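# Descriptive structure summary
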Amino acid sequence: MNKQAVKKEIQMSEAFITMAFLTFSGGLQDSYSYLVRGEVFANAQTGNIVLLFVHLVNGNFSKALHYLFPVLAFAGGIFVTDMFKAKFKDSRSIHWRQIILLLEIGLLFGVVFIPQNHNMLANILISFSCAMQVQAFRKINGYAFASTMCIGNTRAGMEALCTYLRTGDKKFKEKSLHYFGVILLFALGAGFGGIFAKYLGNAMIIFSCIFLSVSFILMFKKVPARIVDFHDARNQVIIQTK
C-alpha cells in the first residue's frame with residue numbers, strides 16, 4: 001500500500017499541552033471524589049457499577065444509590081455534550097469545546113461549597129462534568145484517547161509499542177509515548193490530589209478548575225499544520241480535524 005504525505009491540521013484542543021492539563025485535572029478529580037467525597041469514582045464508572053450491584057445484591061439499597069446516581073450523571077453529561085456540539089460546532093467566536101470547559105469549571109467550582117453531608121450531590125456534579133470532558137476531548141495529536149481514565153490509553157499505548165518493536169516504524173514509537181505520557185500525567189494528578197486532599201478538603205477541587213482554565217486559555221492559540229503519512233481506513237489512520 002503506497003503512503004501519501006499530507007498536511008494535517010491539528011486543533012489546539014488536540015494538542016499535547018492542552019491535553020496535559022486536562023489529563024492532570026482528570027486524575028485529580030478521581031482522587032478528590034474518592035478521598036474527599038465518600039469513596040465514589042468520578043470517572044471510573046466501571047468501578048461504580050461493580051459497587052452498585054455488590055450493594056444491590058446484598059440488600060444495601062441506600063448505599064447502592066451512592067453509586068447509581070454518578071453513573072446516571074455520567075450518562076447525562078455525555079448527552080448534554082453532544083447536544084452542545086450540535087448547537088455550537090459552527091460558532092466562530094468561541095470553540096464549542098471551550099463552552100464545555102466553562103461549564104465544567106463552573107460545576108466543579110460549585111462543588112467546593114457543597115457540605116460533606118451532601119456528598120451524593122457533589123459526586124453527581126463531578127461525574128457529570130467528567131463525562132463532558134471525556135466526550136468533548138477525544139484526540140491527542142490525532143490519536144484517540146481519554147483524559148479521565150487509563151484503561152483505553154494503556155491498551156493503545158502497549159499496542160503501539162508492540163507494533164514499533166515488531167516493525168521499527170518510529171511513528172508507532174511516537175504514538176506509544178503519547179499514551180504513556182497521558183497515563184503518567186493522570187497518575188501525577190491523582191497523586192497530587194491524594195497529597196492535598198487531607199489538607200484542603202472540599203477546596204482541593206479548585207486546583208482542577210485552575211488546570212482546566214489553562215486548557216481553556218490555550219485553545220485560543222493556533223497550531224500549525226504538520227506533515228503526516230496518510231493511510232486508508234484499512235491501514236488504521238483516519239484523519240479528522242473536528
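The shown structure was predicted, so the numbers you read here are calculated from the model rather than taken from an experiment. (Residues numbered from 1 in each chain as written. Predicted model: local features only at pLDDT ≥ 70, side-chain atom pairs only at ≥ 80, totals over all residues. Heavy atoms only, no water.)

Our next topic: helix α8 (residues 206-218). Across its 13 residues, α8 extends 19 Å between first and last C-alpha, which sits within 8% of the 18 Å expected from 1.5 Å per residue. The complete set of buried residues in α8 reads S208, C209, F211, L212, S215 and F216. Angular distribution of buried residues about the axis of α8 spans 165°; they occupy a single face of the element. Its buried side turned inward, α8 meets α1 (16-35), α4 (96-111) and α5 (119-136). (Helix = DSSP H or I, 4+ residues; strand = E, 2+ residues; numbered from the N terminus. Expected span 1.5 Å × (residues − 1). Buried < 20%, exposed > 50% of the residue type's maximum accessible area, 1.4 Å probe, protein only. Arc of directions from axis to C-beta. Contact = heavy atoms within 4.5 Å.)

Here helix α2 (residues 45-57) is 13 residues long and its end C-alpha atoms lie 18 Å apart, about the 18 Å a rise of 1.5 Å per residue gives. For α2, the set of buried residues is Q45, N48, L52 and H55. Angular distribution of buried residues about the axis of α2 spans 85°; they occupy a single face of the element. Every exposed residue of α2 that faces more than 90 degrees away from the buried side is listed here: T46 and V57. Looking at the buried positions of α2, the neighbouring elements they touch are α3 (61-88) and α5. In the stretch just after α2, G59 is the one whose phi turns positive, near 80°.

Let us look at the packing of aromatic side chains. A complete count under the given rule lists 12 aromatic pairs for this structure. With a centroid separation of 6.4 Å and an interplanar angle of 40°, the aromatic rings of Y143 and Y179 are classed as tilted. Highlighted residues: Y143 in strand β3 (residues 143-144) and Y179 in helix α7 (residues 170-200), separated in sequence by 36 residues. Since its relative accessible area comes to 15%, Y143 is described here as buried. Geometrically, the ring pair formed by F216 and F220 is edge-to-face, given 5.4 Å between the ring centres and 90° between the ring planes. (Phe/Tyr/Trp six-rings, centres within 6.5 Å; stacked < 30°, edge-to-face > 60°.)

Our focus in this paragraph is the packing of α1 against α5. In the contact formed by α1 and α5, the axes pass within 11 Å of each other and the chain directions differ by 160°. Relative to α5, the element α1 is oriented roughly antiparallel. Handedness of the α1/α5 crossing: left-handed. Every residue of α5 that contacts α1 at L22, G26, Q29, Y32 and S33 is listed here: N123, I126, C130 and Q133. By residue class, the composition of the contact of α1 with α5 is four nonpolar, five polar and no charged. (Axes fitted to C-alpha atoms, helices over the stretch in contact; angles between N-to-C directions. Parallel < 35°, antiparallel > 145°, perpendicular 65-115°, else oblique. Left-handed = near helix turned anticlockwise from the far one by under 90°. Nonpolar A, V, L, I, M, F, W, Y, C, P; charged D, E, K, R; others polar.)

Now for the nonpolar core. The biggest cluster of nonpolar side chains holds 39 residues, and the ones touching the most others in it are Y32, L101, I126 and F137. Mapped by element, the contributors of at least two residues to this core are α1, α4, α5, α7 and α8. Take this core: its biggest share by element is seven residues, from α5. Setting aside anything within four residues of it in sequence, one finds Y32 in contact with R37, V111, I126, G201, N202, M204 and I205. (Core = buried A, V, L, I, M, F, W, Y, C linked by side-chain atoms within 4.5 Å.)

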